[in-house]
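# Results of the structural survey
So the chains spell out like this:
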Amino acid sequence: MTEAVIIGVGLHPFGRFAGKPALDMGADAVRLALADAGVNWPQIQGGYIGSYEVANPDAIVGRLGLTGIPLRGVFNGCATAGTAVALAARAIETGEHDLTIAIGLDKHPRGAFAADPSVAGIPSWYGQTGLFLTTHFFGMKINRYMHDHGISHETLARVASKNFRNAAGNEKAWRRTPLTPEEILASPVLNYPLRQFMYCGPNEGAAALVLCRADQAHKYTGKPVRVRSTALRSRRLGAFEVQSPSFPVGEAVESPTVDASRAAYELAGIGPEDVDVAQLQDTDAGSEIIHMAENGLCKDGEQERLVAEGATEIGGRLPVNTDGGLLGNGEPIGASGLRQIHEIVLQLRGTAGPRQIPGTPRVGYTHLYGAPGASAVTILST
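What you see is a predicted model, and the numbers here were worked out from it, not measured in a lab.

Parameters at a glance
Residues numbered from 1 in each chain as written. Predicted model: local features only at pLDDT ≥ 70, side-chain atom pairs only at ≥ 80, totals over all residues. Heavy atoms only, no water. Buried < 20%, exposed > 50% of the residue type's maximum accessible area, 1.4 Å probe, protein only. Helix = DSSP H or I, 4+ residues; strand = E, 2+ residues; numbered from the N terminus. Pairing = 2+ DSSP bridges. Phe/Tyr/Trp six-rings, centres within 6.5 Å; stacked < 30°, edge-to-face > 60°. Lys NZ or Arg CZ within 6 Å of the ring centre and 35° of its normal. Patch = residues over 30% accessible without salt bridge, like charges linked within 9 Å, V, L, I, M, F, W, Y side chains within 5 Å. Areas by Shrake-Rupley, 256 points an atom, 1.4 Å probe, with all protein chains shown as cover. Salt bridge = Lys/Arg side-chain N within 4 Å of Asp/Glu carboxyl O. Axes fitted to C-alpha atoms, helices over the stretch in contact; angles between N-to-C directions. Contact = heavy atoms within 4.5 Å. Nonpolar A, V, L, I, M, F, W, Y, C, P; charged D, E, K, R; others polar. Core = buried A, V, L, I, M, F, W, Y, C linked by side-chain atoms within 4.5 Å. Expected span 1.5 Å × (residues − 1).

Turning our eyes to something else, we now look at the pairing of strand 1 (residues 4-15). With eleven of twelve residues buried, strand 1 lies mostly within the body of the structure. One ladder, built from nine bridges, connects strand 1 with strand 7 (residues 204-213); its direction is antiparallel. Of the residues in strand 7, the one forming a bridge with Ile 6 is Leu 211. Sheet analysis places strand 1 next to strand 8 (residues 225-234), joined by two bridges and oriented antiparallel. For Ile 6, the partnering residue across the bridge sits in strand 8 and is Val 225.

And the structure:
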């Protein structure tokens, strides 16, 4: 099977951009990715574009050029971008195309995501009691995890502080003001034990990746980044996930993140010990802690020591969310996972500027997780 590699990345800043449509942000990200790859839009043979808010994101061709290519819209919750990348890579691996593109864009209104629970197959009472709020779910989830594995409030605050500090070195991040753990712990409790500055927020932004056949990469770049594996998994019966209206009785069922992670490692032919830098879904500070273990990067409960030692800092043994993660960047759903890959590509190229990790990183890891219990993992390498 032909291997797919990434030859170009582009990122529109994340934040709030009054009067600028999501499609325009997406077009800007595509142009940056094309320029990075040294490719013109008419050379692209096919692509996949994801968005939550835009009903027909494939209309972006009106901004880029009507070349007649198949550009397929995808949506898979917070795993949307992981799905777009997987499909763009698969089109190359199967020989359908030689040059593809993955695009993500979104423009969310202010405030938490809201919907009728029936769209997720959940009874109306679940929303009437407040349980359909994702902030509520994540608060309950990390509260139980802290009880079971000895994670402290201070560790939650250190994770959030790290991500805001990393975002300060990222000119395209949304929240670039560093906050100390003490300032974060002093902020109002929203859903115990999570506080105001421990949550990410929906916002606006776009990102794009250009991929090609590995044996043709030399025509475009001297530093292609290999797509070693992609894996997507949904929840299994009995798993306690976003929009699950009950907690399982009896033995716990592993999350879709555990399943996706194991599949991705096996496909890539590597293990967690080989990962040099990771981007994990930090919908909140607690999620980053839980996902460290679910992705095999540590054991349950080890996060307390690792965070205190600085292991997940830019200069640590396993840097996590070096660009600020969702806490620092916010989450435009369609683009969020492509932002993660954009950051890993910069790190593997050694061009991440003030947030570049030391040494010569060779393996990067990205992870997405969201409603209704879907997880996507992409492993990249030099």
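Okay, the packing of aromatic side chains next. Tallying each qualifying case throughout the model produces six aromatic pairs. Look at Trp 125 and Tyr 126: their rings are 5.8 Å apart centre to centre, the planes differ by 85°, and that puts the pair in the edge-to-face class. Look at Tyr 126 and you get buried, because its relative accessible area is 3%. Taken together, a centroid distance of 6.4 Å and an interplanar angle of 75° make the contact between Tyr 126 and Phe 132 edge-to-face. Both residues of the pair, Tyr 126 and Phe 132, count as buried. Aromatic ring contacts, followed pair by pair, group Trp 125, Tyr 126 and Phe 132 into a single cluster. The aromatic ring of Trp 174 is capped on one face by Arg 175, whose charged end is 4.8 Å from the ring centroid.

A separate point is unusual backbone geometry. With glycine set apart, most residues show a phi of negative sign, and most peptide bonds adopt trans. Along the chain, Tyr 192 connects to Pro 193 via a cis peptide bond; the corresponding omega equals 5°. On the secondary structure map, Pro 193 appears in the loop between strand 5 (189-191) and strand 6 (194-195). The peptide bond linking Ala 371 to Pro 372 adopts the cis configuration, its omega dihedral lying at -5°. Along the polypeptide, Pro 372 turns up in the loop between strand 10 (363-370) and strand 11 (374-381).

To continue, consider a nonpolar patch on the surface. Nonpolar side chains collect at one region of the surface, where Tyr 52, Phe 75 and Phe 113 lie side by side and expose about 270 Å² of accessible area between them. Looking at the element boundaries, Phe 75 is found in the loop between strand 3 (71-74) and helix 3 (80-93). The exposure class assigned to Phe 75 is partly exposed, which follows from its relative accessible area of 43%.

We now examine the sheet that holds strand 9 (residues 277-279). Taken in spatial order, the nine strands line up as 3-2-4-7-1-8-11-10-9 in an open sheet, and their pairing is mixed. Looking at the sheet topology across the chains shown, the edges are occupied by strand 3 and strand 9. Ignoring which end each strand starts from, the neighbouring axes of this sheet average 20° apart. Looking at chain direction, strand 4 (residues 99-107) and strand 7 are connected through nine bridges and run antiparallel. Bridged to Ala 102 within strand 7 is Leu 209. Strands strand 1, strand 4 and strand 7 of the sheet are contacted by helix 1 (residues 22-37), whose axis makes an angle of about 140° with strand 1.

This paragraph deals with the pattern of salt bridges. All chains considered together, the criterion is met by 21 salt bridges. Note that Glu 204 is salt-bridged to Arg 16, the shortest N-O span being 3.5 Å. With a gap of 188 residues between them, Glu 204 in strand 7 and Arg 16 in the loop between strand 1 and helix 1 connect regions that are remote in the sequence. Look at Arg 16 and you get partly exposed, because its relative accessible area is 22%.

At a closest axis distance of 6 Å, the pairing of helix 3 and helix 12 (residues 333-349) adopts a crossing angle of 65°. Between helix 3, through Thr 80, Ala 81 and Val 85, and helix 12, the contact on the second element is made entirely by Ile 333, Gly 334, Gly 337, Leu 338 and Ile 341. In terms of residue class, the contact of helix 3 with helix 12 is built from five nonpolar, three polar and no charged.

The next point concerns the nonpolar core. Of all hydrophobic cores here, the largest spans 48 residues; its most connected members are Leu 156, Val 275, Tyr 365 and Ile 379. Only helix 5 (134-149), helix 6 (153-168), helix 8 (256-268), helix 9 (285-294), helix 10 (303-309), helix 11 (325-329), strand 10 and strand 11 provide two or more residues apiece to this core. Look past the residues within four positions of Leu 156 in its chain and what remains in contact with it is Ile 142, Met 146, Pro 193, Leu 194, Met 198, Ala 285, Gly 286 and Ile 289. Core analysis: the second largest hydrophobic core is formed by 33 residues, Ala 88, Leu 211, Val 345 and Leu 380 among them.

Moving on to helix 5. Given a rise of 1.5 Å per residue, 16 residues ought to cover 22 Å, and the 22 Å separating the end C-alpha atoms of helix 5 matches this to within 8%. When we look at burial in helix 5, the residues that qualify are Phe 137, Phe 138, Gly 139, Lys 141, Ile 142, Tyr 145 and Met 146. At its buried positions, helix 5 is contacted by helix 6, strand 5, strand 6, helix 9, helix 10 and strand 10. Of the residues one or two after helix 5, Gly 150 is the one with positive phi, at around 70°.

Worth remembering: the numbers are spatial, not functional.
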